[in-house]
Amino acid sequence: MTDESSREEAAAPRSRLADALVESGLSQRHRDILEAAAALFAERGYAATSVRDIGERVGLLGGSLYHYIKSKEALFVRIHDIALQVAGDRILAAVSKLSDPWERLEAACVTMLEIQLDPNSLTMPLMNDFASAPPEIRGRLVEKRDAFELIFRDLIADLPLDPSLDRGVYRLLLLTLLNNVSGWYRPGRMTPEQIGRQIVRIFHHDGD
């Protein structure tokens with residue numbers, strides 16, 4: 001490895017998942033395995049990532065690796081849950097500073113898009129790989145996602161919306177839009193913050 005590549009690697013930003021793992025109480029080796037698995041799942045997808053791939057990335061094979069993990073399925077669920085928890089905590093921190101319901105929704109949307117569109121984020125690749133996960137673990141993934149979406153349910157419940165608007169439909173449309181921005185976003189014209197503000201302007205319907 002050249003000095004230049006070493007400097008680039010050293011300068012690479014830590015993921016928020018890595019920061020969360022530091023506070024988990026796990027050993028450094030265990031954290032390395034979770035970080036390596038998260039990166040591989042994000043890069044290749046669940047189906048194309050094997051336990052052997054994870055072991056090779058951290059220099060552990062066979063029984064040594066299974067000392068830390070039960071199975072690929074359990075590992076994916078755990079990382080998915082941690083990633084969603086990190087995203088949820090970040091959104092709640094952003095809205096906690098505000099009292100106006102529309103400003104709170106805007107802060108949540110902006111923060112979610114900043115997570116979505118961050119090239120170093122592992123959260124959205126993991127969430128977007130839901131379809132490739134085995135059916136037997138999707139129920140556990142859905143349970144965590146439902147808990148994450150409660151943040152938006154509560155924010156929308158506080159909005160002074162026209163009574164004729166169904167808040168459940170409003171929430172589903174908003175989350176569908178937010179979850180799909182990464183499919184068309186290209187850096188340059190608008191920032192994630194600007195897009196988030198635009199979305200809330202479009203969804204702003206007062207009950208007066």
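Remember, it's a predicted structure, so these values are computed and weren't measured experimentally.

### Focus on the packing of aromatic side chains
Any aromatic ring pair is given by two values, namely how distant the centres are and how the planes are angled relative to each other.
Then, number 1: Inspection of the entire model under this criterion finds five aromatic pairs.
Then, number 2: Arranged with centres 6.4 Å apart and planes meeting at 50°, the rings of F148 and F152 form a pair that is tilted. Pair noted here: F148 and F152 are both in helix α9 (residues 135-157), with a separation of four residues, about one helical turn. Accessibility classification places F148 together with F152 in one group, the buried group.
Then, number 3: By the ring-pair criterion, three or more aromatic residues cluster together here, those being F41, Y46 and F76.
Then, number 4: Across the ring face of Y46, the terminal group of K72 is positioned such that the distance to the ring centre comes to 4.2 Å.

### Considering the pattern of salt bridges
Then, number 1: In total, this model carries eight salt bridges according to the counting rule given.
Then, number 2: A salt bridge links E114 to R90; the nearest nitrogen and oxygen atoms lie 3.7 Å apart. Here R90 lies in helix α6 (residues 72-95) and E114 lies in helix α7 (residues 101-116), a separation of 24 residues in the sequence.
Then, number 3: The partly exposed category is assigned to E114, whose relative accessible area is 29%.
Then, number 4: Using a relative accessible area of 21% as the deciding quantity, one classes R90 as partly exposed.
Then, number 5: Note that R197 is salt-bridged to E193, the shortest N-O span being 2.7 Å. Highlighted residues: R197 and E193, both in helix α11 (residues 192-203), separated by four residues, approximately one helical turn.
Then, number 6: A single network of salt bridges, built from pairs that share partners, joins E106, E193 and R197.

### Here's the deal with α11
Then, number 1: With twelve residues, α11 extends 17 Å from end C-alpha to end C-alpha; this agrees with the ideal 16 Å at 1.5 Å per step.
Then, number 2: When we look at burial in α11, the residues that qualify are P192, I195, G196, I199, V200 and F203. End-on view of α11: buried residues confined to an arc of 135°, all on one side of the axis. Facing away from the buried surface of α11 by more than 90 degrees, the exposed residues are R201 and I202.
Then, number 3: Looking at the packing, one finds that the buried side of α11 touches α7 and α10 (167-180).

### Some thoughts on the environment of R29
Then, number 1: By secondary structure assignment, the location of R29 is in helix α3 (residues 28-44).
Then, number 2: According to the relative accessible area criterion, R29 is partly exposed, its value standing at 34%.
Then, number 3: Setting aside chain neighbours within four positions, we find R29 in contact with V58, L60 and Y68.
Then, number 4: A distance of 2.8 Å separates the side chain of R29 from the backbone oxygen of V58, its partner in a polar contact.

So, how was this worked out
Residues numbered from 1 in each chain as written. Predicted model: local features only at pLDDT ≥ 70, side-chain atom pairs only at ≥ 80, totals over all residues. Heavy atoms only, no water. Phe/Tyr/Trp six-rings, centres within 6.5 Å; stacked < 30°, edge-to-face > 60°. Helix = DSSP H or I, 4+ residues; strand = E, 2+ residues; numbered from the N terminus. Buried < 20%, exposed > 50% of the residue type's maximum accessible area, 1.4 Å probe, protein only. Lys NZ or Arg CZ within 6 Å of the ring centre and 35° of its normal. Salt bridge = Lys/Arg side-chain N within 4 Å of Asp/Glu carboxyl O. Expected span 1.5 Å × (residues − 1). Arc of directions from axis to C-beta. Contact = heavy atoms within 4.5 Å. Polar contact = N/O pair within 3.5 Å; in protein donor to acceptor, adjacent residues only side chain to side chain.

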